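Coordinates in review
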Amino acid sequence: MLRLALLTSLLATSVFAATADQWRNRTIYQLVTDRFATADGSSPSCDTSQRQYCGGTWKGIVNKLDYIQNMGFDAVWISPIVANVEGNTSYGEAFHGYWTQDINSLNSHFGSADDLKALSSALHGRGMYLMVDVVVNHMAGTSDPPNYSAFQPFSSQSNFHSECFVSNYDNQTEVEQCWLGDKNVPLVDLNTEDDNIVSTMNKWISTLVSDYSVDGVRIDTVKHVRKDFWPDFAKSAGVFTIGEVLDNRTDYVAAYTQVLDSVLDYPTWFPLVAAFQTTSGNLSALAATVQQSQSSYKNGQFMTGSFLENHDQPRFPSLCQDNALIKNAITWPFVQDSVPILYYGQEQSYAGGSDPANREALWLSGYVEDKPLVTHVKTLNAARKAAIAANSDYLTTAVKFLQTGSESTMAISKPPMLTLLTNGGSSSSPSWSVVDAGFQANEELVDVLTCSKMNADGNGGVTVQGSGGNPQVLMPTSALSKAGTACSNLATGGQASSANSWIGDAANSLPVVAALVLAAWASQSSLIL
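Small disclaimer: the values here were computed from a predicted structure and weren't measured.

It is worth spelling out the overall build of the protein chain at this point. Scanning the protein chain from N- to C-terminus turns up 16 helices and 22 strands. Considering only contacts in the protein chain between residues 6 or more positions apart, those separated by 24 or more positions represent 68%.

Here you go:
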């Protein structure tokens, strides 16, 4: 009973304090709190063009965690939580959370401190992680000059860099010390060279993580703050940090992988969109960018955030209406070395263009779970989990790009998974001839997206004929478990007992001490305190 009580206590402990390495096997669902779910389950109208609060809350997220978890996601990234500009501006209201005015108060539109703690607790009770978005670079004004007294705790003009708006992004000093925004809503650049401000920000992030049991921090506008600010900030956070460095240059972004745990992989996002936006996209350029980052990022592609959409960029279906191209592009983040990120609404085929059109209310979709892309995402998550379970080196083995015999196709090898992509479009019948696929001779394989079986040839290669321009994700049937959700009826692999599987999942989600107690409990060994 003592062991069970200890286990229960540890599972109830809300602070997971997840390290970067513990995020490797996660997949992240990104959402804008105001647009994801209402507390009472209502579905109010939400005109994105008005840029107004629409009513989403942290309670609403809690009520829809089944929806997120049913797709296979085990981490949720929410938009910024702190108090923002109130009232209307030239660009609407601060429903998105990126117009900070008081870092020490919460945005009451989303709920109370107890509501946020309840969200964290609800996630942890499911073995899921909470990632919170934070803004360090600036505070938001509603006039020029701004009312500095409205900013907390930095209420003096001397706390900020002198006014100048960024115009030359090739001038790094200007990028770091001038302002974003414009004279209507100036994003007033915090003087992060000041030791007192540095100390305040480091204490703030430490407190925020502790108070709300945060497992990871996504950091906005990282390139607009000097690089040597970030190591101590990340250390103060004490959890996984992933930074936004919006730039298409791999070498430029690589420098930030030296000062934070990870970055959002923008250099790959640009060629990813270009590769699948049309049937004439360049797949080779996409592969080349990945190879560049594998050699230039501190940890290669591992633990970077791979994404197709986010709140700052037009949704992919606003650029491309071909369903096969969309399905190939969505597949990409789930079969890379990175941590996959899905932006809310992708699974519902939302097609909003540039901000604010890409910040639709998800409740207007009805959270329907039998839509094609919901199923597709669920299958990709299941396949990734199966690959991790089948190969203990999966999360540390870098992807390789194999020859396919066609410029419109791509083969991505990450054993035991071989992903076959194409930008031929819905009217195409793609074929892949992969001589060095790496499977066993005549090994029985399955495309987990359709549960269609095939066999490798005598040399372990594959020749595959596709249809409708659809992607395929091949795995040996021996790598699939009958207890899993990826083509379990075809699985021939062994399966751990449900108890052992549960223990393993829990151990990955808890701090080291908790994991040790779990192990002791599982083995029924004596535990003396």
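The next subject is the sheet that holds strand β19 (residues 444–447). Sheet architecture is open: 6 strands sit in the order β15-β16-β17-β22-β19-β20, paired in antiparallel fashion. The sheet terminates laterally at β15 (400–402) and β20 (452–455), the two strands that pair on one side only. Neighbour-to-neighbour, the strand axes of the sheet open up by a mean angle of 30 degrees, direction not taken into account. Relative to strand β17 (residues 417–422), strand β16 (residues 409–414) runs antiparallel, the two sharing 6 bridges. Looking at β17, one finds that K414 is bridged to M417. The sheet contacts of helix α13 (residues 323–331) involve β17 and β22 (472–476), and relative to β17 the element is tilted by about 145 degrees.

This next bit is on the packing of aromatic side chains. Following the criterion strictly, the structure yields 24 aromatic pairs and no others. Ring plane angle 85 degrees and centroid distance 4.9 Å describe the contact between F229 and W230, whose orientation is recorded as edge-to-face. According to the relative accessible area criterion, F229 is buried, its value standing at 1%. Seen from their ring centres, Y266 and W269 are 5.6 Å apart, and the 80 degrees between their planes marks the pair as edge-to-face. Within this pair, Y266 and its partner W269 are both found in helix α10 (residues 266–277), separated by 3 residues, close to a single helical turn.

Quick look at the nonpolar core now. Counting 145 residues, the largest nonpolar core has Y29, F36, I68, I78, M201 and W230 as the members making the most contacts within it. When residues in this core are grouped by element, the largest group, 8 residues, is from helix α14 (residues 372–390).

What follows is about the state of the cysteines. Under the definition given, this model contains 3 disulfides. One disulfide bridge connects C46 with C54, the sulfur atoms lying 2.1 Å from each other. Taking the sign of the torsion about the S-S bond as the criterion, the disulfide between C46 and C54, at about 85 degrees, is right-handed. Like C54, C46 is buried. Here C451 connects covalently by a disulfide to C487, the sulfurs 2.2 Å from one another. Residues C451 and C487 are joined through a disulfide that is left-handed, its torsion about the S-S bond being -95 degrees.

Right, let's get into the pattern of salt bridges. Counting across every chain of the model gives 18 salt bridges. As a salt-bridge pair, D74 and K385 come within 3.7 Å of each other at their nearest N and O atoms. Of the two residues, D74 sits in the loop between α4 (65–70) and β2 (75–78) while K385 sits in helix α14, which places them 311 residues apart along the sequence. The exposure class assigned to K385 is partly exposed, which follows from its relative accessible area of 36%. For E444, the salt bridge is made with K453, and the minimal N-O distance between the two is 2.8 Å. Given the relative accessible area of 46%, K453 is considered partly exposed.

The next subject is the side chain of T241. Within the secondary structure layout, T241 lies in strand β10 (residues 240–243). The class of T241 is buried, set by a relative accessible area of 0%. With sequence-adjacent residues up to four places away left out, T241 is seen in contact with V217, I219, A234, L260, D261 and S262.

Our focus in this paragraph is the sheet that holds strand β7 (residues 180–181). In a beta sheet, neighbouring strands are held together by backbone hydrogen bonds and run either parallel or antiparallel to one another. Taking strand neighbours across the sheet as the criterion, the 3 strands line up as β6-β8-β7 in an open arrangement whose pairing is antiparallel. Two strands close off the open sheet at either side, each with one partner strand: β6 (138–140) and β7. Pairing of β6 with strand β8 (residues 186–189) involves 3 bridges; the strand directions are antiparallel. In the strand pairing of β8, M139 is matched with V188.

Here we take up unusual backbone geometry. Cis geometry marks the peptide bond from Q152 to P153, where omega comes out at 5 degrees. Mapping P153 onto the fold places it in the loop between β6 and α6 (172–177). With phi around 55 degrees, Y367 is a residue other than glycine that occupies positive phi space. Along the chain, Y367 turns up in the loop between β14 (339–343) and α14. Residue classification places Y367 among the buried positions, given a relative accessible area of 11%. Non-glycine residue C451 carries a positive phi angle of around 60 degrees.

This part is about the confidence of the model for the protein chain. Of all residues in the protein chain, 90% attain a pLDDT of 70 or more, and the chain-wide mean is 92. Throughout residues 1–15 the model reports pLDDT below 50, and contacts reaching past four residues in sequence, or to other chains, amount to 24 contacts. Long-range and interchain partners of residues 495–529, a stretch whose pLDDT sits below 50, account for 45 contacts in this model, where long-range means more than four residues apart.

Of the two faces of strand β21 (residues 462–465), only the one carrying V462 and V464 is buried; T463 and Q465 on the other face are not. Two elements, strand β18 (residues 431–434) and β21, share 4 bridges in a ladder whose sense is antiparallel. Within β21, the residue paired with S431 across the bridge is Q465.

Before going further, it helps to examine α13. For an α-helix the count is 3.6 residues per turn, leaving residues at separations of three or four pointing the same way. With respect to burial, α13 is a largely interior element, 7 of its 9 residues being buried. In this structure, the buried residues of α13 make contact with α10, α12 (316–319), α14, β17 and β22.

Among the secondary structure elements, T289 is positioned in helix α11 (residues 283–296). Judged by relative accessible area, which is 11%, T289 ranks as buried.

Attention now moves to the packing of α10 against α11. Between α10 and α11, the shortest axis-to-axis distance is 8 Å and the interhelical angle comes to 165 degrees. One element, α10, and the other, α11, form an angle in the roughly antiparallel class. In the crossing of α10 with α11, the sense of the turn from one axis to the other is left-handed. Mapping the contact onto sequence places P267, T268, P271, L272, A275 and F276 in α10 and L283, A285, L286, T289 and V290 in α11. Split into classes, the residues belonging to the contact of α10 with α11 amount to 9 nonpolar, 2 polar and no charged.

What counts as what
Residues numbered from 1 in each chain as written. Predicted model: local features only at pLDDT ≥ 70, side-chain atom pairs only at ≥ 80, totals over all residues. Heavy atoms only, no water. Helix = DSSP H or I, 4+ residues; strand = E, 2+ residues; numbered from the N terminus. Contact = heavy atoms within 4.5 Å. Pairing = 2+ DSSP bridges. Axes fitted to C-alpha atoms, helices over the stretch in contact; angles between N-to-C directions. Phe/Tyr/Trp six-rings, centres within 6.5 Å; stacked < 30°, edge-to-face > 60°. Buried < 20%, exposed > 50% of the residue type's maximum accessible area, 1.4 Å probe, protein only. Core = buried A, V, L, I, M, F, W, Y, C linked by side-chain atoms within 4.5 Å. Disulfide = S-S within 2.5 Å. Salt bridge = Lys/Arg side-chain N within 4 Å of Asp/Glu carboxyl O. pLDDT = per-residue confidence, 0-100. Parallel < 35°, antiparallel > 145°, perpendicular 65-115°, else oblique. Left-handed = near helix turned anticlockwise from the far one by under 90°. Nonpolar A, V, L, I, M, F, W, Y, C, P; charged D, E, K, R; others polar.

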